[in-house]
Every structure is written in C-alpha cells, then in structure tokens.
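# A look at the structure
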Amino acid sequence: MASLFALIAVAPTLASPVGVWEIEMRDSRYDVTLCGDGTQLCAELIWLGNGADSAENLPYLNTMLIDHAVQTGPGEWKGELHIYGQSAAGTITQVSEDQITLRGCVALVICKSYQMYRYGE
C-alpha cells in the first residue's frame, strides 16, 4: 500500500514551456520564455501568416501576448493576456510537453480558450 502512495505522489514533470509555439489556427507563432525571477511566463508574437499577416495585425508583431504571468502551480500561470489590442485576465496551463491552453476572460463573463502547440520547423 505504501508503494502505491509513493507512485501517486510522484507526478510526471513536464518539459519546460520555453520554445516556439503555434496557435491552433496556425496563423501566429510565439516565443515563450521564463522571465522575471525565472518562474514567470512571457510570450512574444514573432510570426504572422496564413491570412493573419494583415495590415491590421502587423502592429502587434513583436509584442507580448503574455507578460510576466505568475506561476500558480506546476505547469500553470496566471496573468494578463494581450491579444491584438485587447487585454484579458488569463490562465496559461501546460497540458503536455507539446500543448498549452490559454484561457482568457473579459469582465469574468466572456471567456475564450485557445490551444497552442509546440512548433517544430
């Protein structure tokens, strides 16, 4: 019985979220880094394509999507998301080594989730 509890207590560790990630629509990519004290999460918009590279969106290139989100648990951060000029309270969860879920809410009632996948060139 003790060995069963020992197995349950050892949670799998996810790979670092650091790297390039692509949003599920495949029209934008983000450079995700650990920033601040090394536990906060930052993500910069580094690429637009597949129709998102319009004159309306180009001013957001090289801006922060996630700016110093605070770690609230293993693989989870909370902070503001900045999406094309709009800000929302957000939760960023690393679901697996190759998937991150972004959930943003405006006024705590209008919420939307996005999936990001690790980008491999």
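Up top is the structure.
Below, the structure is looked at part by part.

In this section: the overall build of the protein chain. Helix and strand content of the protein chain: one helix and eight strands. From first element to last, N terminus to C terminus, the protein chain shows the α and β order α-β-β-β-β-β-β-β-β. A fraction of 35% describes how many contacts in the protein chain between residues 6 or more apart in sequence connect residues 24 or more apart. With an accessible surface of roughly 7,300 Å², the protein chain has 57% of that area assigned to carbon and sulfur atoms.

Before going further, it helps to spend a moment on the state of the cysteines. Tallied over the entire structure, the rule returns two disulfides. Across the disulfide from Cys35 sits Cys42; the S-S distance is 2.1 Å. Handedness here is read from the sign of the S-S torsion; for Cys35 and Cys42, about 85°, the answer is right-handed. Among the residues examined, Cys35 registers a relative accessible area of 12% and is labelled buried.

The strand order around the closed barrel built from eight strands is 1-2-3-4-5-6-7-8, with neighbouring strands paired in antiparallel fashion. When strand polarity is set aside, the average angle formed by the axes of neighbouring strands in this sheet is 30°. Summarising the sheet, strand 1 (residues 19-23) and strand 2 (residues 28-35) pair through four bridges and their orientation is antiparallel. Within strand 2, the position partnered with Val20 by the bridge is Asp31.

What follows covers the nonpolar core. Formed by 19 residues in total, the largest nonpolar core has its most connected members in Tyr30, Leu41, Leu65, Ile66, Ile92, Leu102 and Met116. Put simply, the parts of the chain that give this core at least two residues each are strand 1, strand 2, strand 3 (40-48), strand 4 (64-73), strand 5 (76-83), strand 7 (99-106) and strand 8 (110-118). A total of four residues in this core trace back to one element, the largest contributor, which is strand 3.

With that out of the way, let us pick up the pattern of salt bridges. Across all of its chains, the model carries three salt bridges by this definition. Two residues, Arg118 and Asp98, come together in a salt bridge whose shortest N-O distance is 3.2 Å. You can see Arg118 sitting in strand 8 and its partner Asp98 sitting in the loop between strand 6 (86-96) and strand 7, a full 20 residues away along the chain. Residue classification places Arg118 among the partly exposed residues on the basis of a relative accessible area of 27%.

Procedures and definitions
Residues numbered from 1 in each chain as written. Predicted model: local features only at pLDDT ≥ 70, side-chain atom pairs only at ≥ 80, totals over all residues. Heavy atoms only, no water. Helix = DSSP H or I, 4+ residues; strand = E, 2+ residues; numbered from the N terminus. Contact = heavy atoms within 4.5 Å. Areas by Shrake-Rupley, 256 points an atom, 1.4 Å probe, with all protein chains shown as cover. Disulfide = S-S within 2.5 Å. Buried < 20%, exposed > 50% of the residue type's maximum accessible area, 1.4 Å probe, protein only. Pairing = 2+ DSSP bridges. Axes fitted to C-alpha atoms, helices over the stretch in contact; angles between N-to-C directions. Core = buried A, V, L, I, M, F, W, Y, C linked by side-chain atoms within 4.5 Å. Salt bridge = Lys/Arg side-chain N within 4 Å of Asp/Glu carboxyl O.

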